[in-house]
Amino acid sequence: MSFLAIDIGNTRLKWALFAQPCPGQPPVRHGAVFLETIDELAETEWATLPPPDRMLGCVVAGEAVRRRVEEQMDMWDVPPRWVVSRAAEAGVVNGYDHPSRLGADRWVALVGARARVLAEAAAAGHAPRPALVVMVGTAVTVDALDADGHFLGGLILPGFGLMLRALEMGTAGLKVPTGETTEFPTNTSDALMSGGVFAIAGAVERQHKRLAARSGQVPKVLIAGGAAVKLAPALDVEFEIVDSLLFEGLVGMEAARAA
Ligand SMILES: Nc1ncnc2c1ncn2[C@@H]1O[C@H](COP(=O)(O)OP(=O)(O)O)[C@@H](O)[C@H]1O
Ligand SMILES: CC(C)(COP(=O)(O)O)[C@@H](O)C(=O)NCCC(=O)O
Ligand SMILES: [K+]
């Protein structure tokens with residue numbers, strides 16, 4: 001019963017094929033493509049893929065993109081299934097005012113994070129910790145999960161690319177080459193890069209402090225997304241980069257739904 005997991009963000013589509021939808025197993029094959037090239041998937045990355053038996057995906061890039069990806073999947077006999085955020089699923093309770101309006105990628109990542117927290121607690125023989133789930137993609141999200149698996153809420157910020165583009169578009173003097181992250185930038189390029197990195201790092205550290213105060217425990221910080229490595233060196237809290245977090249969430253959901 002092979003299983004294809006797909007995560008479609010606003011910049012890239014990420015996919016992973018698993019032999020079984022069983023937590024803890026690595027994918028047989030995986031890949032990522034920019035949205036500009038999704039119409040070629042059936043002739044490129046997916047051309048030699050063994051047809052999956054089932055698929056589950058999350059998509060935040062809109063209806064049109066979702067339909068284009070479904071067209072690429074037409075070569076297989078697999079019904080497309082897309083996550084809609086629920087009030088509760090796979091051990092996570094959704095605290096959003098309107099649960100279905102939470103980005104499906106955030107919901108999937110929370111489910112993946114909860115599974116990690118529970119696995120860590122079981123291995124170490126202690127109670128589960130709260131978790132801060134940070135995704136650094138087109139946008140940045142910083143989501144708080146308490147020790148009981150309740151999603152308390154989270155932040156949405158522009159990602160690095162959007163911040164820079166907004167500044168470039170709204171000013172006359174900020175079209176400069178890419179800079180470096182430095183503590184006290186002394187040129188425009190470094191000032192822009194450091195501003196973006198520290199804005200995101202500051203938001204993460206702030207939510208970390210708030211979640212620790214609220215729960216009385218130090219949260220586990222899990223970071224995913226294409227630009228996670230840019231953020232990592234600037235963070236003053238302990239964290240783990242988990243590139244596979246969305247796939248882990250999708251596999252966990254599929255396993256929980258099958259059970
Ligand atoms: N090699 C890379 N390929 C794609 N994105 C990259 C790469 N290196 C850094 N990035 C950054 O990662 C972001 C895309 O991350 P991703 O997690 O795929 O976003 P999304 O889920 O929104 O599609 C880009 O906006 C870019 O800032
Ligand atoms: C916040 C997001 C834009 C993040 O998208 P991404 O950066 O992964 O492309 C996406 O999760 C979304 O569209 N969410 C819906 C609104 C919400 O979560 O409140
Ligand atoms: K994403």
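- Within an unreviewed UniProt entry, the label attached to the protein chain reads Type III pantothenate kinase, and the organism entered is Scleromatobacter humisilvae.
- The record in UniProt for the protein chain states the following under Subcellular location (unreviewed entry): "Cytoplasm".
- Annotation of the protein chain in UniProt includes, under Function (unreviewed entry), the sentence "Catalyzes the phosphorylation of pantothenate (Pan), the first step in CoA biosynthesis."

### Observations regarding the sheet that holds strand S10 (residues 220-224)
Sheet strands pair via backbone hydrogen bonds, and the direction of the pair is either parallel or antiparallel.
No. 1: A sheet is described by the order of its strands in space; here seven strands give the open sequence S5-S6-S9-S8-S7-S10-S11, paired in mixed fashion. Because the sheet does not close on itself, it has two edges, and the strands there are strand S5 (88-89) and strand S11 (240-241).
No. 2: Bridge count between strand S7 (residues 131-136) and strand S8 (residues 139-145): six bridges; the pairing is antiparallel. Paired with Ala-131 across the strands is Leu-145, a residue of S8.
No. 3: Against the sheet, helix H2 (residues 104-124) engages S5, strand S6 (92-94), S7, S8, strand S9 (150-158) and S10, with an angle of about 135° to S7.

### Brief notes about the domain arrangement of the protein chain
No. 1: With domains assigned, the protein chain is organised as domain 1 (3-82) and domain 2 (94-250).
No. 2: In this complex, domain 1 contributes 14 residues to the contact, which on the side of domain 2 involves 12 residues.
No. 3: For the side of domain 1 that touches domain 2, the elements supplying multiple residues, two or more each, are strand S1 (3-8), strand S2 (12-18) and strand S4 (54-59).
No. 4: The class makeup of the residues in the side of domain 1 that touches domain 2 is eight nonpolar, three polar and three charged.

### Some words on the site of ligand 1
No. 1: With respect to spatial proximity, the complete set of residues near ligand 1 consists of Gly-9, Asn-10, Thr-11, Arg-12, Gly-137, Thr-138, Gly-159, Phe-160, Gly-161, Gly-225, Gly-226 and Ala-227.
No. 2: Both domains that meet at the shell around ligand 1, namely domain 1 (3-82) and domain 2 (94-250), each give it at least three residues.

### A word on unusual backbone geometry
No. 1: Here Ala-90, not a glycine, exhibits a phi torsion of approximately 50°, which is positive.
No. 2: The exposure class assigned to Ala-90 is buried, which follows from the 21 C-beta atoms found within 10 Å.

### Quick look at the UniProt feature "binding site: ATP" (unreviewed entry) in the protein chain
No. 1: When the UniProt feature table is mapped onto this chain numbering, "binding site: ATP" (unreviewed entry) sits at Asp-7, Ile-8, Gly-9, Asn-10, Thr-11, Arg-12, Leu-13, Lys-14 and Thr-138. A maximum C-alpha distance of 13.5 Å is found for the annotated residues, which run over 132 residues; spatially they form one tight group.
No. 2: By the element assignment, Arg-12 lies in strand S2.
No. 3: Not counting the four nearest positions on each side in its chain, Arg-12 is found in contact with Ala-32, Val-33, Phe-34, Leu-35 and Gly-226.
No. 4: Examined against the element boundaries, Leu-13 turns out to sit in strand S2.
No. 5: Leu-13 sits in the buried class, given 24 other C-beta atoms within 10 Å.
No. 6: For Leu-13, the contacting residues outside a window of four places in its chain are Ile-6, Ile-8, Ala-32, Val-33, Leu-35, Ile-38 and Val-69.

### Notes on the site of ligand 2
No. 1: Inspection of the region around ligand 2 gives 14 residues, with Gly-9, Asn-10, Gly-103, Gly-137 and Ala-139 positioned closest.
No. 2: Within the residue set of the shell around ligand 2, elements represented by two or more residues are H2 and S8.
No. 3: Taken domain by domain, the shell around ligand 2 gets at least three of its residues from each of domain 1 (3-82) and domain 2 (94-250).

### Digging into the environment of Gly-24
No. 1: Following the sequence through the fold, Gly-24 ends up in the loop between S2 and strand S3 (29-34).
No. 2: With 96 residues separating them along the chain, Gly-24 and Glu-120 place their C-alpha atoms 13 Å apart.

Rules used in this analysis
- Residues numbered from 1 in each chain as written.
- Chains lettered and ligands numbered in written order.
- Predicted model: local features only at pLDDT ≥ 70, side-chain atom pairs only at ≥ 80, totals over all residues.
- UniProt positions renumbered as here; feature names shortened; annotations may be inferred.
- Pairing = 2+ DSSP bridges.
- Helix = DSSP H or I, 4+ residues; strand = E, 2+ residues; numbered from the N terminus.
- Contact = placed C-beta atoms within 7 Å.
- Axes fitted to C-alpha atoms, helices over the stretch in contact; angles between N-to-C directions.
- Domains from an automatic or database assignment.
- Nonpolar A, V, L, I, M, F, W, Y, C, P; charged D, E, K, R; others polar.
- Near = placed C-beta within 6 Å.
- Buried ≥ 20, exposed ≤ 12 C-beta atoms within 10 Å, placed from the backbone.

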